[in-house]
Amino acid sequence: MILVLKESAKKAEVDNLITWLHEQGLDTHLSNGKYQTILGLVGDTSVVDEDLLSGLEFVESVKRIREPFKNANRKFHPDDTVIDICGSKLGGEHFQVIAGPCSVESEEQICTIAEEVKKAGATMLRGGAFKPRTSPYAFQGMRAEGLRLLLEAKKKTGLPIVTEIMSANHLPLFDDVDVIQVGARNMQNFELLKELGHLRKPILLKRGLANTIQELLMSAEYIMAGGNEQVILCERGIRTFETYTRNTLDLSAIPVIKELSHLPVIVDPSHATGIARMVRPMALAAAAAGADGLIIEVHNDPPHAKCDGPQSITPDAFASLTEELNRILPVVNKKQIGE
Ligand code: PEP
Ligand code: MN
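Residues numbered from 1 in each chain as written. Chains lettered and ligands numbered in written order. Predicted model: local features only at pLDDT ≥ 70, side-chain atom pairs only at ≥ 80, totals over all residues. Heavy atoms only, no water.

## Examining the overall build of the chain
Heads up, the rule is: Helix and strand labels come from DSSP, where a helix needs a run of H or I of at least four residues and a strand needs a run of E of at least two; each type is numbered from the N terminus. Note that the radius of gyration is over C-alpha atoms, with the globule rule given as 2.2 Å times the number of residues to the power 0.38. Any two residues whose heavy atoms approach within 4.5 Å at even a single point are treated as in contact. Surface accessibility in these figures is a Shrake-Rupley result with a 1.4 Å probe; residues are shielded only by whichever protein chains are displayed.
A tally of helices and strands in the chain yields ten helices and 14 strands. What you see for the chain is a C-alpha radius of gyration of 21 Å, in line with the 20 Å of a compact globule of 339 residues. C-alpha extents for the chain along the principal axes are approximately 70 × 45 × 45 Å. Here the contacts in the chain between residues at least 6 apart in sequence split such that 69% fall between residues at least 24 apart. Approximately 14,900 Å² of the chain is accessible, and the part contributed by carbon and sulfur atoms is 51%.

So, in structure tokens, the structure goes:
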């Protein structure tokens, strides 16, 4: 349920109402938007009398929210959410590009790639330390050592780091990670999502291989219900009958999510296509469709990458892509990458 408050509403009246609602066992979320102030109610709203609320002098209207996602709902928070990552803003008019290898392979590899992607316009560094691999015999990532090397690369370049968590047991290792990624395979690991809800740091939540947009938003809701509002959604392709590409990039997810939610949405054209030469067109299309950023796999030696070489682009290809992106961004009312 949401209450649209009148412009004339006094702070003391609103505070009193919030206290009373909390006593009824409801959570509240106050959003002071550009045009409207909205008080969102989360929980069993059948305990409150709708007529009583709409009768309050400072309440303009009361609306029931039909969708099961509340905190993530745009009706709760009409303005775009902008997330601050070490001073870089993502969402609204801000566009960020996260780049780096699928997995951290050595200190030299991650530091070299970090320097190169930074020079080419990346604003954050990606790199998997804990890798979700289909085969238990495939490279599983450098784990804790991989996280240490990512922090080394951050020290050298200043780029914030984005890396995937696979188990809540590993959380103590992630203290210095700037953005924690929840991979497609863990999108519905609800116990993990609940733990991430207790943090106060950005979570990059990727859409599951066979999950609907509503399921993605419900997973975001798990994190937000714990009080962590910094959720970045990621469309990374879904599984369809098509086999030419690794997945099928659902670009329409961008405008759909933008309509339903205030959370920022980024696109991963690398896992979506699985083919390096498809990354450029899909990245440009994602920017044109209104995405708030991209996460792209870049490797200095793709044929020898330990993981996802066929979909990794070179630093040179990445550099020309960022130039092209900067030409598209003004058309969709976005600032240049990283601004
Ligand atoms: C990744 O980003 O390296 C990854 C494993 O992605 P996804 O979870 O989207 O498959
Ligand atoms: Mn990968």
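## Digging into the pattern of salt bridges
How we decide: Salt bridges are defined as contacts in which a side-chain nitrogen from Lys or Arg sits within 4 Å of a carboxyl oxygen from Asp or Glu. Each residue is assigned to one of three classes by its accessible area relative to the maximum for its type, calculated with a 1.4 Å probe on protein chains only: buried under 20%, partly exposed between the two thresholds, exposed over 50%.
One pass over the structure, following the stated rule, counts 18 salt bridges. Where Arg126 meets Glu297, a salt bridge forms, and the shortest distance between an N and an O atom there is 3.4 Å. One end of the pair, Arg126, is in strand E8 (residues 124–126); the other, Glu297, is in strand E14 (residues 293–297), and 171 residues separate them in sequence. Residue Arg126 shares its accessibility class with Glu297, and that shared class is buried.

## Concerning the site of ligand 1
We apply this condition: Only a single heavy atom is needed: when it lies within 4 Å of a molecule or strand, its residue is near that molecule or strand. Counted as a polar contact is a pair of N or O atoms within 3.5 Å, where, for protein atoms, one must be capable of donating a hydrogen and the other of accepting one, and residues adjacent in sequence contribute only when both atoms are in side chains. For this classification, the nonpolar set comprises Ala, Val, Leu, Ile, Met, Phe, Trp, Tyr, Cys and Pro, the charged set comprises Asp, Glu, Lys and Arg, and every other residue, Gly included, is treated as polar.
Around ligand 1 sit 13 residues, and of these Arg126, Lys131, Ala184, Lys206 and Arg236 come closest. Here an oxygen atom of ligand 1 sits 2.8 Å away from a polar atom, N or O, in the side chain of Arg126. Between His271 and ligand 1, the recorded distance is 3.4 Å, taken from a side-chain N or O atom to an oxygen atom. If ligand 1 stood free it would expose 290 Å²; the protein chains cover 97% of that surface. In the shell around ligand 1, the residues fall into three nonpolar, three polar and seven charged.

## Digging into the coordination of the manganese ion (ligand 2)
The condition that has to hold: Each metal site lists N, O and S donors within 2.8 Å (3.2 Å for Na, K and Ca). With water left out of the atoms, a site can look as if it is missing ligands.
Protein ligation of the manganese ion (ligand 2) involves Cys102 (SG), His271 (NE2), Glu297 (OE) and Asp308 (OD), the donor distances falling in the range 2.0 to 2.4 Å. Sequence spacing of the donor residues for the manganese ion (ligand 2), all on one chain, is C-x168-H-x25-E-x10-D. A residue pair is termed long-range when its members are at least 10 positions apart, and Cys102 in the loop between strand E7 (96–100) and helix H3 (107–119) and Asp308 in the loop between E14 and helix H10 (315–328) qualify at 206 residues. Residue Cys102 is classed as buried on the basis of its relative accessible area, which comes to 2%.

## Quick word on the nonpolar core
The condition is simple: What we call a nonpolar core is a set of buried Ala, Val, Leu, Ile, Met, Phe, Trp, Tyr and Cys residues that are connected through their side-chain atoms within 4.5 Å.
Ranked by internal contacts, the top residues of the largest apolar core, which has 65 residues, are Val117, Leu125, Leu205, Leu233, Ile296 and Phe318. Residue contributions to this core peak at six residues, all from helix H6 (residues 213–225). Once residues within four sequence positions are removed from consideration, Phe318 is found in contact with Val97, Ala99, Val117, Ala120, Ala122, Ile296, Val298 and Ile313. Leu5, Val14, Leu41 and Val62 belong to the second-largest nonpolar core, a separate cluster that totals 15 residues.

## Some remarks on the sheet that holds strand E9 (residues 161–165)
What counts here: By this definition, two strands are paired if DSSP reports at least two bridges between them. Simply put, an axis is a line fit to the C-alpha atoms, just over the touching stretch for a helix, and the angle between two N-to-C directions goes from 0 to 180 degrees.
A barrel is described by the order of its strands in space; here eight strands give the closed sequence E7-E8-E9-E10-E11-E12-E13-E14, paired in parallel fashion. Adjacent strand axes in the sheet meet at a mean angle of 30° when their direction is disregarded.

## Some details on H3
Stated formally: Here, expected helix span is obtained from the residue count minus one, scaled by 1.5 Å.
Its 13 residues give H3 an end-to-end C-alpha distance of 18 Å, which sits within 8% of 18 Å, the value for a rise of 1.5 Å per residue. As for H3, its buried residues are in contact with E7, E8, helix H4 (143–157) and H10. Following H3 by one or two positions, Gly121 adopts a phi angle in the positive range, close to 110°.

## Here we look at the sheet that holds strand E2 (residues 27–32)
Spatially, E2-E3-E1-E4 is the arrangement adopted by the four strands of the open sheet, whose pairing is antiparallel. For this open sheet the edge positions go to E2 and strand E4 (59–63), each flanked by a neighbour on one side alone. Pairs of neighbouring strands in the sheet enclose a mean axial angle of 20°, with direction left out of account. Docked against the sheet, helix H1 (residues 11–23) engages strand E1 (2–5), E2 and strand E3 (37–42), running at close to 155° with respect to E2.

## So, the state of the cysteines
To keep it simple, the criterion reads: Any two cysteine sulfur atoms within 2.5 Å of one another count as a disulfide.
Evaluated as defined, the whole model comprises zero disulfides. In this structure Cys111 is not part of a disulfide, and its nearest cysteine sulfur, from Cys86, lies 17 Å away.

## Focus: the pairing of E14
Of all five residues making up E14, five are buried, and the element is well covered by its neighbours. Residue alternation in E14 divides its side chains into two sets, Gly293, Ile295 and Glu297 and Leu294 and Ile296, and both sets are buried. Of the pairings in the sheet, the one linking E7 to E14 comprises five bridges and is parallel in character. Pairing of Val97 across the sheet is with Leu294, part of E14. The pairing of strand E13 (residues 265–267) with E14 spans two bridges and is parallel. Residue pairing in the sheet places Ile266 in a bridge with Gly293 of E14.

## Regarding the packing of helix H9 (residues 276–288) against H10
Just so we agree on the cut-off: Convention used here: angles under 35 degrees read as roughly parallel, angles over 145 as roughly antiparallel, angles from 65 to 115 as roughly perpendicular, and any remaining angle as oblique. For any pair of crossing helices, the crossing counts as left-handed if the nearer helix is rotated counterclockwise from the farther one by less than a right angle, and right-handed if it is rotated clockwise.
Contact geometry for H9 and H10: axes closest at 10 Å, N-to-C directions at 25°. With respect to their mutual orientation, H9 and H10 come out roughly parallel. In this structure, H9 meets H10 at a crossing whose hand is right-handed. Taking contact as the criterion, the partners of Arg280, Ala283, Leu284, Ala287 and Ala288 in H9 are, on H10, Leu321, Glu324, Leu325 and Ile328. Taken together, the residues that form the contact of H9 with H10 break down as seven nonpolar, no polar and two charged.

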